[in-house]
Amino acid sequence: RAVCRRHRIDLARGRHRLTGRYDWFEVEDRDVLIDDDPNDEDGHAWTVTWLVSLNDAARLAVAWLEVSSTRPARAGLGLAPFARERQAQASLKLTF
């Protein structure tokens, strides 16, 4: 099961775009390998992205993602079941 909410704001006549997204998820493992390979997991994620058109041929994007989740199977790897993971990305798109 999953729920997603997204909101976008355009600024400076569309030259800048700010997007935020929230995801909630829950996975219930129902296969026959649940004892050997448990895949239950639940958590949520936030994503924020800023896009700016530098000119007609170039666009810059910067994104931040944070996922918080509980997955009991991590204990089998010697990790804590709860994890908070973060990622930042930047890209430059050139068209010609």
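Because the structure is a prediction, the values reported are computed rather than measured. (Residues numbered from 1 in each chain as written. Predicted model: local features only at pLDDT ≥ 70, side-chain atom pairs only at ≥ 80, totals over all residues. Heavy atoms only, no water.)

Some thoughts on the overall build of the protein chain
1) Next: For the protein chain, the count of helices and strands is 0 helices and 5 strands.
2) Next: Starting at the N terminus, the α and β elements of the protein chain follow one another as β-β-β-β-β.
3) Next: By the compact-globule yardstick of 12 Å for 96 residues, the protein chain is too spread out, its C-alpha radius of gyration being 18 Å.
4) Next: Counting only C-alpha atoms and orienting by the principal axes, one finds that the protein chain spans roughly 55 × 25 × 20 Å.
5) Next: Long-range contacts, defined as pairs at least 24 residues apart, comprise 39% of the intrachain contacts of the protein chain with a sequence gap of at least 6.
6) Next: For the protein chain, the computed accessible surface area is about 7500 Å², with 55% contributed by carbon and sulfur atoms.
7) Next: The centroid of the 15 positive side-chain charges in the protein chain is displaced by 16 Å from the centroid of its 15 negative side-chain charges. (Helix = DSSP H or I, 4+ residues; strand = E, 2+ residues; numbered from the N terminus. Rg over C-alpha atoms; globule rule 2.2 N^0.38 Å. Contact = heavy atoms within 4.5 Å. Areas by Shrake-Rupley, 256 points an atom, 1.4 Å probe, with all protein chains shown as cover. Lys, Arg positive; Asp, Glu negative; His and termini not counted. Charge placed at Lys NZ, Arg CZ, Asp CG, Glu CD.)

Remarks on the sheet that holds strand S4 (residues 58-70)
1) Next: Across the sheet, which stays open at both edges, the 5 strands sit in the order S1-S2-S3-S4-S5 with antiparallel pairing between neighbours. Two strands in the sheet have a free side with no partner beyond their single neighbour: strand S1 (2-11) and strand S5 (82-94). On average, adjacent strands in this sheet sit at an angle of 10° to one another, irrespective of strand direction.
2) Next: Looking at chain direction, strand S2 (residues 16-27) and strand S3 (residues 41-55) are connected through 12 bridges and run antiparallel. Looking across to S3, one finds that Glu26 is bridged to Asp42. (Pairing = 2+ DSSP bridges. Axes fitted to C-alpha atoms, helices over the stretch in contact; angles between N-to-C directions.)

Comments concerning the environment of Asp23
1) Next: Mapped onto the fold, Asp23 is located in strand S2.
2) Next: Asp23 gets classed as buried once you look at its relative accessible area, which sits at 16%.
3) Next: It is 11 Å that separates the C-alpha atoms of Asp23 and Asp42, two residues lying 19 residues apart in sequence.
4) Next: In this view, Asp23 contacts Val3, Cys4, Gly43, His44 and Ala45; residues no more than four positions away in its chain are not counted.
5) Next: Reaching out from Asp23, the side chain makes a polar contact with the side chain of Arg21 at a distance of 2.8 Å. (Buried < 20%, exposed > 50% of the residue type's maximum accessible area, 1.4 Å probe, protein only. Polar contact = N/O pair within 3.5 Å; in protein donor to acceptor, adjacent residues only side chain to side chain.)

Overview of the environment of Asp42
1) Next: Along the chain, Asp42 falls in strand S3.
2) Next: The spatial distance from the C-alpha of Asp42 to the C-alpha of Arg1 is 9.3 Å, given a sequence separation of 41 residues.
3) Next: With sequence-adjacent residues up to four places away left out, Asp42 is seen in contact with Phe25, Glu26, Ser68, Ser69 and Thr70.

Focus: the side chain of Ser69
1) Next: Structurally, Ser69 can be placed in strand S4.
2) Next: At 2.9 Å, the side chain of Ser69 and the side chain of Arg74 are in polar contact.
3) Next: Non-local contacts of Ser69, meaning those with residues more than four positions away in its chain, are made with Phe25, Glu41, Asp42, Gly43, Arg74, Pro81, Phe82 and Ala83.

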